[in-house]
Amino acid sequence: MPDVEASSAVPATPARSEGLAIRARGLSKQFGALKAVDGINLDVPRRHVYGFLGPNGSGKSTTIRMLCGLLTPSAGEIEVLGLRIPEQAEALRSRIGYMTQKFSLFEDLSVRENLDFMAAVHDMPKARAHERIEVLLEQYHFQDRQKQLAGTMSGGQKQRLALAAAVIHEPELLFLDEPTSAVDPESRRDFWEKLFELADGGTTLLVSTHYMDEAERCHRIAILDRGVLVADGTPAELTGRLAGRTLVVDAQQPRQAARVLQDSAGVLSVAQIGNSLRVLLAEDGSGQPLADALQAAGIPAQIHAQAASLEDVFVAATRNSTAAREGA
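Residues numbered from 1 in each chain as written. Predicted model: local features only at pLDDT ≥ 70, side-chain atom pairs only at ≥ 80, totals over all residues. Heavy atoms only, no water.

Draft legend 1. Inspection of the sheet that holds strand β13 (residues 276-281) at higher detail. Taking strand neighbours across the sheet as the criterion, the four strands line up as β12-β13-β11-β14 in an open arrangement whose pairing is antiparallel. Two strands close off the open sheet at either side, each with one partner strand: β12 (267-273) and β14 (301-305). In this sheet, adjacent strand axes meet at a mean angle of 25° when their direction is disregarded. Where strand β11 (residues 246-251) and β14 come together, five bridges link them in antiparallel fashion. Residue Leu247 lies in a different strand from β14, and its bridge partner there is Ala305. Of the strands in this sheet, β11, β12 and β13 touch helix α9 (residues 254-262), which is tilted by about 170° from β12. (Pairing = 2+ DSSP bridges. Helix = DSSP H or I, 4+ residues; strand = E, 2+ residues; numbered from the N terminus. Axes fitted to C-alpha atoms, helices over the stretch in contact; angles between N-to-C directions. Contact = heavy atoms within 4.5 Å.)

Set out below in structure tokens:
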């Protein structure tokens with residue numbers, strides 16, 4: 001591991017962020033009139049799987065590129081692995097890995113050739129590269145596919161190979177930008193097992209996704225909406241903040257019931273799940289006013305409370321964010 005102080009003329013930031021892999025304050029990025037990222041404060045603990053959750057265009061990829069040193073922020077401060085970014089981006093590159101949803105593979109090269117190439121990119125000694133590639137071929141189940149061209153593999157196989165290539169130099173921090181958007185559910189599940197193995201081994205992972213089930217797997221989650229960080233915490237913390245605000249409505253006429261509930265005061269959202277309706281309230285409250293509204297509309301229904309899901313958290317955070325912007 002190269003010595004941080006010797007790798008750059010700029011001194012490392014003081015140890016105020018000890019225990020954090022990433023610390024950002026007031027991070028912003030402007031593209032002309034568009035503010036893609038707006039004043040984000042971010043703390044990513046070491047050895048954690050930290051999730052970035054948000055729709056396309058929410059600023060996830062732009063934020064990751066700034067944290068990697070690939071994009072210069074318009075404003076704000078960034079510290080990654082004790083280094084100031086972008087000033088010390090060159091010193092950071094050997095200590096991080098990066099994997100995108102396009103997998104960044106050479107499709108006309110074989111599995112082993114792709115790994116050989118990435119080892120050369122990271123200037124790994126030949127003996128060390130050979131040893132590391134043998135380990136990865138076994139860990140990622142490519143022993144019998146070493147000569148197979150990457151372009152002929154399935155989406156799940158490409159994903160595994162891209163991850164192996166991204167960690168060939170054993171990075172301390174791994175950035176993954178929507179890495180599972182093009183693979184099947186079984187491959188996604190297996191992929192996440194590999195991520196937790198990396199975290200158990202000491203790697204910090206920042207994973208952007210728009211899948212709720214993936215976000216629930218993370219140790220901590222940040223929710224972005226239109227460049228703004230609207231929620232941050234563990235899945236349990238975030239869902240716990242919505243205690244008393246989620247209800248399930250069982251009605252024989254769910255579509256008609258949904259129309260009544262959407263027009264009811266204090267209802268933030270109504271979503272049909274099977275034959276039931278999931279209702280998110282703007283604040284804590286009982287289901288009695290909703291029951292009264294349905295009864296007045298001649299719609300028999302049963303209402304009971306239910307624990308909040310991460311989807312409820314996402315809806316509440318983004319709806320509140322939109323309301324705040326429109327009210328500003």
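Let's pick the thread back up.
Draft legend 2. Structural view of the confidence of the model for the protein chain. Put simply, the protein chain has an average pLDDT of 89, and 92% of its residues get 70 or more. In this model, residues 1-16 is a region of pLDDT below 50 whose contacts with residues beyond four sequence positions or in other chains number 24 contacts. (pLDDT = per-residue confidence, 0-100.)

Draft legend 3. The packing of aromatic side chains, seen in detail. For the coordinates displayed, the defined rule picks out three aromatic pairs. When the ring of Tyr50 is compared with that of Phe52, the centres are 6.3 Å apart and the planes differ by 65°; the resulting orientation is edge-to-face. The class of Phe52 is buried, set by a relative accessible area of 0%. Plain terms: the ring middles of Phe106 and Phe117 are 4.8 Å apart, the flat faces sit at 75° to each other, and that makes the pair edge-to-face. Taken together, the positions of Phe106 in the loop between β6 (96-100) and α3 (111-121) and Phe117 in helix α3 put the pair eleven residues apart, joining distant regions of the chain. Classification of Phe117 as partly exposed rests on a relative accessible area of 37%. Over the ring of Phe142 we find Arg160, and its NZ or CZ is 4.8 Å from the ring centre. Lying across the ring of Tyr211, Arg188 places its NZ or CZ 4.2 Å from the centre. (Phe/Tyr/Trp six-rings, centres within 6.5 Å; stacked < 30°, edge-to-face > 60°. Buried < 20%, exposed > 50% of the residue type's maximum accessible area, 1.4 Å probe, protein only. Lys NZ or Arg CZ within 6 Å of the ring centre and 35° of its normal.)

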